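Structure assessment
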Amino acid sequence: MQLGYVGLGKMGKNMVLRLLEKGHEVVVWNRSPEPRREVAKAGAIAAESVEELVQKLRIPRLVWLMLPAGEVTQTMIDQLAELLASGDTVVDGANSFYKDSIRRAKQLSTKGIRFVDAGISGGPEGARHGACVMIGGEERDFKKLEPFIRDVAAHDAYQFFPGHGAGHFVKMVHNGIEYGMMQAIAEGFNILKSAKGFKIDLLKAADIYNHRSVIDSRLIDWLQDAYEQHGTGLENISGAAAESGEGTWTVETAKELGVDVPIIEGSLQFRLDSEKHPSYIGKVVSALRHQFGGHDVKKK
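Below, the structure is looked at part by part. (Residues numbered from 1 in each chain as written. Predicted model: local features only at pLDDT ≥ 70, side-chain atom pairs only at ≥ 80, totals over all residues. Heavy atoms only, no water.)

Section: the overall build of the protein
If you tally the helices and strands in the protein, you get 13 helices and 8 strands. Taken against the 2.2 N^0.38 rule, which gives 19 Å for 300 residues, the C-alpha radius of gyration of the protein at 21 Å falls within 12% of a compact globule. With the principal axes as the frame, the protein shows a C-alpha extent of 70 × 45 × 35 Å. Here the protein holds 300 residues, and the buried ones make up 52% of them. The contacts in the protein between residues at least 6 apart in sequence include a share of 67% that link residues at least 24 apart. Accessible surface, the protein as shown: approximately 14,500 Å² in total, 54% of it carbon and sulfur. (Helix = DSSP H or I, 4+ residues; strand = E, 2+ residues; numbered from the N terminus. Rg over C-alpha atoms; globule rule 2.2 N^0.38 Å. Buried < 20%, exposed > 50% of the residue type's maximum accessible area, 1.4 Å probe, protein only. Contact = heavy atoms within 4.5 Å. Areas by Shrake-Rupley, 256 points an atom, 1.4 Å probe, with all protein chains shown as cover.)

Printed below as a string of structure tokens:
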């Protein structure tokens, strides 16, 4: 099967490489040429412009976007709305706000262009070796795309949720939960680090927690990796934990729905405050963000 792919950052490039290995024909475009050349060596068809990408695709065309959420994605949607035709499909794989996805589906529908939102979890490693994919839109479009989605995802790691924006809604809440889980881990390890009368080896604590304990998880595994790479003091890691938007969206949506989310709200507020009040808790959260998402968290 063939698709066009726009956006070859950490996630996009790895996902294209996985699709190529699965036997799909992928036409790619990225603003900077280096990633285009890299995936072309692996078998992708590189386009010099978005217009050329669209021209190289067979009708009905499928274009998958893996761009920064917000203005960058919207600009590309606007451009594709003028280049694609009725019956073509756009998939937004960014961490987009679900209300934006609802609006974009309506925007494209005026020209008969189909829209699917895909929340992707697993970071660059997941994009390369199998991600968790949360799909929203109309079921007939999902069924048409399922061969691609199945090959993007890890085994059984995708689900369809009916309604435009539903996939990004599920992913937004996932990220809010992630905030709370990371905060709890960071606070717990700060207690271990601050223990009086004991000298707790934090690396050993992470290791034992990650062997059949109740909190055994990928997050604990990533913290263990961070300790092995940077030392348990995390001296080179920033104590300010960045907030990338999804936590705010989750809290604001919960308020709109009249739902209390004290844990998620507290973890969001911690990140906002950490810019002025860096701490070891912030270092742990930052280290985890680097491990699963490749975020730049080095101390400035």
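Here's the deal with the nonpolar core
The nonpolar side chains of a soluble globular protein tend to be buried with one another. Within the largest apolar cluster, 33 residues are counted, with the highest numbers of intra-cluster contacts made by Tyr5, Met15, Val16, Trp64, Ile120 and Val133. Every element with two or more residues in this core is listed here: strand E1 (2-6), helix H1 (10-21), strand E2 (25-29), strand E4 (62-65), strand E6 (114-121), strand E7 (131-137), helix H7 (139-152) and strand E8 (153-162). When residues of this core are assigned to their parent elements, the largest contribution, 6 residues, is made by H1. Every residue in contact with Val133, bar those within four places of it in the chain, is listed here: Ala118, Gly119, Ile120, Ile149, Val152, Ala153, Ala157, Tyr158 and Gln159. (Core = buried A, V, L, I, M, F, W, Y, C linked by side-chain atoms within 4.5 Å.)

Structural notes on the environment of His230
Position of His230 relative to the elements: it lies in helix H10 (residues 218-230). His230 sits 57 residues away from Ala287 along the chain, and the two C-alpha atoms are 9.0 Å apart.

Brief notes about the environment of Leu57
You can see Leu57 is positioned in the loop between helix H3 (50-56) and E4. Residue Leu57 is classed as buried on the basis of its relative accessible area of 7%. Put simply, Leu57 and Gly4 are 53 residues apart on the chain and 6.8 Å apart in space, counted from C-alpha to C-alpha. Aside from chain neighbours lying at most four places away, what touches Leu57 is Gln2, Leu3, Gly4, Val27, Leu62 and Val63.

A word on the pairing of E4
For a regular strand, side-chain orientation follows a simple rule: the groups alternate between the two sheet faces. Going residue by residue along E4, you find Leu62 and Trp64 tucked away on one face and Val63 and Leu65 tucked away on the opposite face as well. Pairing between E1 and E4: 3 bridges, direction parallel. Bridging from a neighbouring strand, Val6 pairs with Leu65 of E4. Bridge analysis of E4 against strand E5 (residues 89-92) gives 4 bridges, and the strand direction is parallel. Across the sheet, the residue bridging to Trp64 is Val91, located in E5. Read as a crossover between parallel neighbours, the route from E4 over helix H4 (residues 71-83) to E5 is right-handed. (Pairing = 2+ DSSP bridges. Right-handed = clockwise from strand over helix to strand, strands pointing away.)

A short note on a nonpolar patch on the surface
Taken together, the side chains of Val173, Ile177 and Met181 define a hydrophobic patch exposed on the protein surface, amounting to about 230 Å² of accessible area. Here Ile177 lies in helix H8 (residues 166-193). On the accessibility criterion, Ile177 (43% relative accessible area) is partly exposed. (Patch = residues over 30% accessible without salt bridge, like charges linked within 9 Å, V, L, I, M, F, W, Y side chains within 5 Å. Salt bridge = Lys/Arg side-chain N within 4 Å of Asp/Glu carboxyl O.)

Points about empty space enclosed by the protein
Within the structure shown, the criterion is met by 1 cavity of 30 Å³ or more. Within this model, the largest cavity holds a volume of roughly 40 Å³. In this structure, the largest cavity is lined by Ala94, Asn95, Ser96, His168, Lys171, Met172, Asn175, Glu246 and Trp249. Secondary structure elements with two or more residues in the lining of the largest cavity: H8 and helix H11 (246-257). (1 Å grid on protein atoms, 1.4 Å probe; cavity = no way out; pocket = protein on both sides within 12 Å on 5 of 7 lines; lining within 4 Å. Points joined across faces, edges and corners; volume = space filled by probe spheres on them.)

Overview of the packing of H4 against helix H5 (residues 98-109)
The interhelical angle for the contact between H4 and H5, taken along N-to-C directions, is 15 degrees, at an axis separation of 10 Å. Between H4 and H5, the crossing angle belongs to the class labelled roughly parallel. The crossing of H4 and H5 is right-handed. Judged by residue contacts, Thr73, Gln74, Ile77, Asp78 and Ala81 of H4 engage Arg103, Arg104, Gln107 and Leu108 from H5. In terms of residue class, the contact of H4 with H5 is built from 3 nonpolar, 3 polar and 3 charged. (Axes fitted to C-alpha atoms, helices over the stretch in contact; angles between N-to-C directions. Parallel < 35°, antiparallel > 145°, perpendicular 65-115°, else oblique. Left-handed = near helix turned anticlockwise from the far one by under 90°. Nonpolar A, V, L, I, M, F, W, Y, C, P; charged D, E, K, R; others polar.)

Regarding the pattern of salt bridges
Throughout the structure, instances matching the rule amount to 15 salt bridges. One salt bridge in this structure joins Glu38 and Lys13, with 3.2 Å as the shortest N-O distance. In this pair, Glu38 sits in helix H2 (residues 33-41) while Lys13 sits in helix H1, placing the two residues 25 residues apart along the sequence. Its relative accessible area of 21% is what places Lys13 among the partly exposed residues. Residue Arg104 is joined to Asp92 by a salt bridge in which the shortest nitrogen-to-oxygen separation is 3.7 Å. Here Arg104, found in helix H5, pairs with Asp92, found in strand E5; they are 12 residues apart in sequence, far enough to count as distant. Note on accessibility: Arg104 and Asp92 belong to one class, buried.

Shape descriptors only; they carry no functional weight alone.
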